Each structure stands twice: as C-alpha cells, then as structure tokens.
Amino acid sequence: MKRFVIIGNGPAGSKAAETIRQMDHESSIFVITEEAYPFYYRRYLPRFISGKLDERDLLVKPLDFYEKNQITQMTGRNVTQVKPSENHVILSDGEIAPYDALLIATGGRSLVPNWPGKELTGIFYIRTLKDSKELVEKALPSIRAIVIGGGLLGLNLAQSLQERGLEVTLLVREDRVCANLLDKKASDMILKKLMERGINLSLENETKSLQGSQGQVRSVLTSKGEGLPCDIVCVAIGSKPNIDFLKDSGIVTDRGIIADECMRTNLQNVYAAGDVAQALDITIGQKRVNTSWAIAEEQGVIAAKNMAGVKTLYLGCLPASTEAVYDVITSSIGISNATESEYETLSGMLKDGKVYKKFVIKGDRLCGAIILNDVRDNSAIEKIIREGISIASVKNRLFDENFSMRQFLSDIKK
Ligand SMILES: Cc1cc2nc3c(=O)[nH]c(=O)nc-3n(C[C@H](O)[C@H](O)[C@H](O)COP(=O)(O)OP(=O)(O)OC[C@H]3O[C@@H](n4cnc5c(N)ncnc54)[C@H](O)[C@@H]3O)c2cc1C
C-alpha cells in the first residue's frame, strides 16, 4: 500500500487523484490545497463575478466525491517545503506529510507589477474564488472600473463587470486584444462587440502608476499622460507558476517545474502537472508553461498513471482555447499568430461576415488557426495539426462555404 500526496486541488491535482484511485483501490491519497474550498471551476470565475453563476454552480464534483473515493482532501492547508531526502512535505503549521510519490500541481498566481500605488485598496487580482468574492462585494452598479490587460481574462472580467452594471474601461498595452492569440481582424470583431456593449477602450496605453486618496485607488496614470478616473481596478496581465516554496528542494525549475515525458521532475518519485509545469509543447517542440484547464487535466492524468506504476508518455500539448466574449466565440488553436516568413497565412470571412477563419500553414501542414463564431471544425483541426496530416489537396477550398475540416478528416481516415 502506497501513500500518494498531491499538492493542489485544481484540474491537474484533482484529475490526478481521481485517476490514481481508478487504478489503485488500496493506497492512501492526500490532496492538499491552501484554498478553503473544494475543487471548483476556476475558469468560470468571470461568470460568478457577472452574477450568471452562483457559488454552488462552481463546484466540479459532488461534495461527497472525495469521501466516497477515499481521498483525503486537506483544504486551507499550505505546503511550505518539500523535503525529497526525507520523502515528505511540511505544512505551514509544522505538520509533516510523508509520501511514496508526490505530485506538485500548485498552479500559478497573478502577476503583481511593481507600480507606484499598488498598495492602495480597490485593486483586484482574480485568481481564486476568495479574490472573486472580494471583488463582487465592491463591484457595485454604476461605479467606475478599469480593467488592465487585454488577454482573454481581461476581456472576460471587463464583460463581467459591465454585466454587473459598472462603467468599464479596458486598458490594453498593445494595439489589439489577445495580441498573442489573435490577429488584427479577429481582434477588431471583438473590439466592435465591446464598444457596442458600452465598454470604453484605451489601446496602446500602459499603466504607469495608480493614484489614490485616503488609501483608496482613484485613478490610473497612463503612458499617454492621462489620469483615468476609477473606483476599482482589476489587473489581469498574466500569471506565474507557484514554485517559490520549492527553493532548496533540489527540484529543477526554470519558469516552471521542468517535467519529462512522464510528467516526472528530476526526482524519481516527484511529478508536476498543470500551470506549474514546464512540459513539451508540440507547437514549438520545446518545454513551455501553458495555462489552460484542458492541458492541466491531461497532464494530471499522465502524471497519475506514472505515479501508479503504469508508464505512460506525454506526447506534448497543443495549446488551444475557445472563449466567448459576449456572443463572439473565439477559438485559437496551435500557432495562431505567426509572423515568420516560413509560415503562410490564409484568411477569409464567411457567412456574410459573421464567421472569420485564418489558417497558419507551413508547407502542406496546418500549424494553427483562428476561428471566430464557428467551433464545429475545432477538434478536427486539432487532430490534423497533431497528426501532421497534409492539407495540400484542400488548400484552395478552405473558404468554400460548404467545405468542412471534419468531412475532410473523415474522408482521409476511410
Ligand atoms: C479567472 C480565471 C479564468 C480562467 N479561464 C480559463 C478558461 O476560460 N479556459 C481555460 O482553459 N483556462 C482558464 N483559466 C486558467 C485555468 O483555470 C488554469 O489553467 C487551471 O486552473 C490550472 O490548473 P492547475 O490544476 O494547474 O492549477 P490551479 O487550478 O491554479 O490550482 C492550483 C492549486 O494549488 C493549490 N496550491 C498552490 N500552492 C499551494 C501550496 N503551497 N500549498 C497548498 N496548496 C497550494 C491551490 O490552492 C489550488 O488548489 C482561467 C484562470 C483564471 C484565474
């Protein structure tokens, strides 16, 4: 009988616990999380903030799931040290948890820039349910919010606050939103929607400092010299892996924890998965930290199988995300925004301008895509990229109204 310890109860840790239990009915499994809540949909926090979901809707598993599966869930407990030489972890209250195999699935935390004024109240970084509840308490209708950051999270937060009735300004450093995922055309379709909904946009503008009075944030001073007035600020400019507590553990880290093809660290019985792991990304052929719910789950499963003694290789992730910004359904798959000359890009509008598609191609291989408002081909596109299937025979039909990647894939698999 073994003792499995998992630090983190997000999709990576939870999926790992579930997978180990399916394979091993005897061993003890401990899942430790510093958060006070059972496993919840972190990805739906923007919908909780908007008021569309309540706290119960965020629960991923029934409350008795852990007990039924004999998984010990330790909530509100913080691991401060990993001691591989002793095969144990140490919690902040001094408790020691020994392990035969350990999974580190500690995710990430919000980036907090060193802006003058960052200590003022009224500034929010949304990573947890606790952060979201604190924001909801202050996000009263008609007050002014500035959302800093034009990535998907920034867009979702701007939408959530607008839907709560706040007056929202989105402050974006780049000349478009989701600059690392989308091209100008796709970004423009989203910006049009944001403007229609009354969100104020400030592009190519950077935060220089946060100004306040009586300890409360009152405005954001920008690189254009403006002082944008506000009552609250939401910062969504990225996250960084939770690895600080691994200092002196001997576990090799770079930006995240370096994981091999079994999601194992440099130590034989210590594994990593999810937002904290730096693992193979097939789009670049290198190890990279990817922050995605689906990737965290798939890595959690691979780590768990190997921990349970069934050698399973991780073929690498293909970053892909599909998100709704209001009713604009935005998908980006693989290398969606290549500028290098080795890539060819083909793009076009369909369905009377409602659907936008862009394909990134290298030779006769598809490397990535941006698709707005049509998700039907997404899994076929992912498969075509992953399997390196030649698209030479359909390259000139990609924008035919009646062409579908699903049909193409099914025809060549016959
Ligand atoms: C607001 C928001 C919206 C998002 N929306 C999307 C989306 O639409 N689509 C998408 O694909 N992704 C989305 N993401 C990203 C997605 O949620 C993450 O990629 C995913 O949760 C990562 O899973 P994980 O298991 O690696 O880590 P996490 O979910 O971050 O879980 C980490 C766990 O580790 C615990 N922990 C950390 N340090 C310690 C410690 N020292 N001791 C004990 N416990 C510790 C935490 O309490 C937590 O339980 C969103 C993220 C946020 C914050």
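Residues numbered from 1 in each chain as written. Predicted model: local features only at pLDDT ≥ 70, side-chain atom pairs only at ≥ 80, totals over all residues. Heavy atoms only, no water.

1. Concerning the packing of aromatic side chains
Where two aromatic rings form a pair, the distance of their centres and the angle of their planes describe that pair. Summed over all chains, the structure comprises 6 aromatic pairs. Summarising the aromatic geometry, the rings of Phe39 and Trp293 are spaced 5.8 Å apart at their centres and angled 5° between planes, so their arrangement reads as stacked. Residue Phe39 is located in the loop between strand 2 (28–32) and helix 2 (45–50), and its partner Trp293 is located in helix 7 (residues 293–307); the two are separated by 254 residues in the primary sequence. Both residues of the pair, Phe39 and Trp293, belong to the buried class. The interplanar angle of 55° and the centroid separation of 5.8 Å between the aromatic rings of Phe359 and Phe399 together place this pair among those described as tilted. Of this pair, Phe359 sits in strand 25 (residues 355–362) while Phe399 sits in the loop between helix 8 (378–387) and helix 9 (405–413), placing them 40 residues apart in sequence. What makes Phe359 buried here is its relative accessible area of 2%. Judged by relative accessible area, which is 26%, Phe399 ranks as partly exposed. (Phe/Tyr/Trp six-rings, centres within 6.5 Å; stacked < 30°, edge-to-face > 60°. Helix = DSSP H or I, 4+ residues; strand = E, 2+ residues; numbered from the N terminus. Buried < 20%, exposed > 50% of the residue type's maximum accessible area, 1.4 Å probe, protein only.)

2. Overview of the sheet that holds strand 18 (residues 257–258)
One open sheet holds the 3 strands; their spatial order is 18-20-21, and the pairing between them is mixed. Lying at the two open borders of the sheet, with one neighbouring strand each, are strand 18 and strand 21 (286–289). Inspection of the sheet shows strand 20 (residues 277–281) paired to strand 21 by 4 bridges, in the antiparallel sense. Note on strand 21: the bridge partner recorded for Asp281 is Gln286. (Pairing = 2+ DSSP bridges.)

3. A closer look at the side chain of Ser50
Topologically, Ser50 is positioned in helix 2. The class of Ser50 is buried, set by a relative accessible area of 12%. In terms of polar contacts, Ser50 uses its side chain to reach the backbone amide nitrogen of Lys52, at 3.3 Å. (Polar contact = N/O pair within 3.5 Å; in protein donor to acceptor, adjacent residues only side chain to side chain.)

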